[in-house]
There are 2 protein chains.
Amino acid sequence: MAGLIKPLNNVYDQFRRLPGVGSKSALRLAYHIIDMPEAEVRRLAETLLQAKQDIRFCRECFNLTDREVCDICGDEKRDHSTICVVEQPQDALAMERSHGYTGVYHILHGCLSPLDGIGPDDIRIRELLFRLEKGGVKEIILATNSNVEGEATAAYLAQLLRPHQVIVSRIARGLPMGGDLEYADEVTLAKALENRTRL
Amino acid sequence: MAGLIKPLNNVYDQFRRLPGVGSKSALRLAYHIIDMPEAEVRRLAETLLQAKQDIRFCRECFNLTDREVCDICGDEKRDHSTICVVEQPQDALAMERSHGYTGVYHILHGCLSPLDGIGPDDIRIRELLFRLEKGGVKEIILATNSNVEGEATAAYLAQLLRPHQVIVSRIARGLPMGGDLEYADEVTLAKALENRTRL
């Protein structure tokens, strides 16, 4: 940014590259860094590096963890015969927050997206099949996002899993809780109607 | 945040403390850091620390600089007899971007705010008087913000500077360029009317 001294501009540039940080936010953050005590800036810098170094993928479900196996996969009380397949670690986190799920997860780390050149070999599909082959899995819940790529990934996985002795399900798509019919888009409404349940 | 593994939660906490970064943004940024290559995270971390270490205050105007004297104070072509007094370095930057000012600055690093316990000794007022005593200053333009604290600081400075042989002025307050009368608040309109200029 014009008019900024170099060290400040470097900070601005770094913040500008982060997702959701616009020009004004980056400038505000850069000035904030300069205002912070040096010890705090050091703590921020070290925390970022430390996290990057400590965090790896769980060897079972590929969720983020700082151990060999994540807390969920390592929990004896969870139902290891049900695997919920999500696109990203943050999706598993969202699912956990709903407190409605007691099984384990499988993180694909992406979704099929031919336009971006992402095919079945670029996401953790092979690892999911490997878990199936080890046995003991009764149900696979496909919980990819409800957009074009997520739906395509779910459809692909459903087909791929058909020959296996396992129940394959897809999370419900419908009117969000608290949502008004008036403001819902037509595709959501069509899905909500199609998937209506008997009372 | 509940459900986050510790190293990730540490990053989340650090981002959460930055201004304008809410819970969702902090989480998004934390996951982004984990996704970034380690070299890039290292560059980000080092840039923050480097800026913090390199940047100091200009000994003349107290703007941020990586030298003894900032580029503006060190520029022979600027009018050193006019000092524009602003609250923060970012205010001087905004002023510079308007390309309408050729004098030098004085950064107060705050404004009078009795409620927050900030009095005249807590901001760089003494240093401004010291610059006046060195001589050669013809005009002081008070460009503090146009809110309660900024106006109070300007009023205080105006009174303080009265005994000195110097012109004291205040930047105009009025309708912003491109602003509609219809949407302007009443205080702005009253100021715009009061400070009307003859054509």
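Residues numbered from 1 in each chain as written. Chains lettered and ligands numbered in written order. Predicted model: local features only at pLDDT ≥ 70, side-chain atom pairs only at ≥ 80, totals over all residues. Heavy atoms only, no water.

**A word on the sheet that holds strand 6 (residues 167-170) of chain A**
All names here are of chain A.
So, step 1. Taken together, 4 strands build an open sheet; the order of strands is 4-3-5-6 and the sheet is parallel. Edge positions in the open sheet fall to strand 4 (103-107) and strand 6, since each of these has one partner strand only. Neighbour-to-neighbour, the strand axes of this sheet turn through a mean angle of 25°, independent of strand direction.
So, step 2. Note: strand 5 (residues 139-142) against strand 6, 4 bridges, orientation parallel. Looking across to strand 6, one finds that Glu 139 is bridged to Ile 167.
So, step 3. This element, helix 4 (residues 89-97), spans strand 3 (79-86) and strand 4 of the sheet and lies at about 160° to strand 4.
So, step 4. Those strands touched by helix 5 (residues 125-133) are strand 3, strand 4 and strand 5, and its axis lies near 145° from that of strand 4. (Pairing = 2+ DSSP bridges. Helix = DSSP H or I, 4+ residues; strand = E, 2+ residues; numbered from the N terminus. Axes fitted to C-alpha atoms, helices over the stretch in contact; angles between N-to-C directions. Contact = heavy atoms within 4.5 Å.)

**Re unusual backbone geometry**
So, step 1. Phi is positive for A:His99, close to 55°, though the residue is something other than glycine.
So, step 2. Examined against the element boundaries, A:His99 turns out to sit in the loop between helix 4 and strand 4.
So, step 3. Its identity as a non-glycine residue notwithstanding, B:His109 has a phi of 60°, on the positive side.
So, step 4. Structurally, the position occupied by B:His109 is in the loop between strand 4 (103-107) and helix 5 (125-133).

**Focus: the confidence of the model for chain A**
Residue and element names in this part refer to chain A.
So, step 1. Predicted confidence across chain A gives a mean pLDDT of 92, with 100% of residues reaching 70 or more.
So, step 2. The element-level mean pLDDT for chain A is lowest in helix 7 (residues 186-194), coming to 82, with strand 4 highest at 96.
So, step 3. Across the whole predicted complex the pTM is 0.80, and at the interface the ipTM reaches 0.82. (pLDDT = per-residue confidence, 0-100.)

**Regarding the interface of chain B and chain A**
So, step 1. On the side of chain A, 48 residues touch chain B, which itself brings 49 residues to the contact.
So, step 2. Together, B:Tyr31, B:Leu48 and B:Lys52 form the three largest contributors to the area buried by chain B at its contact with chain A, with a combined 15%.
So, step 3. In this structure, the connection of chain B to chain A is made through 2 salt bridges.
So, step 4. In this structure, the salt-bridge partner of A:Glu40 is B:Arg17, at a minimum N-O distance of 3.5 Å.
So, step 5. Seen at the junction of chain B and chain A, the total is 7 residue pairs in polar contact (both at pLDDT 80 or more).
So, step 6. Residue assignment for the side of chain B that touches chain A shows that the elements contributing at least two residues are helix 1 (6-16), helix 2 (23-35), helix 3 (38-54), strand 2 (64-65) and helix 4 (89-97) of chain B.
So, step 7. The greatest single-element share of the side of chain B that touches chain A, amounting to 14 residues, is contributed by helix 3 of chain B.
So, step 8. Per-class residue counts for the side of chain B that touches chain A are 28 nonpolar, 9 polar and 12 charged. (Buried area = accessible area lost by both parts, 1.4 Å probe. Salt bridge = Lys/Arg side-chain N within 4 Å of Asp/Glu carboxyl O. Polar contact = N/O pair within 3.5 Å; in protein donor to acceptor, adjacent residues only side chain to side chain. Nonpolar A, V, L, I, M, F, W, Y, C, P; charged D, E, K, R; others polar.)

**Some details on the domain arrangement of chain A**
So, step 1. Taken as a whole, chain A is organised into domain 1 (6-54) and domain 2 (77-170).
So, step 2. For domain 1 of chain A versus domain 2 of chain A, the separation of C-alpha centres amounts to 35 Å. (Domains from an automatic or database assignment.)

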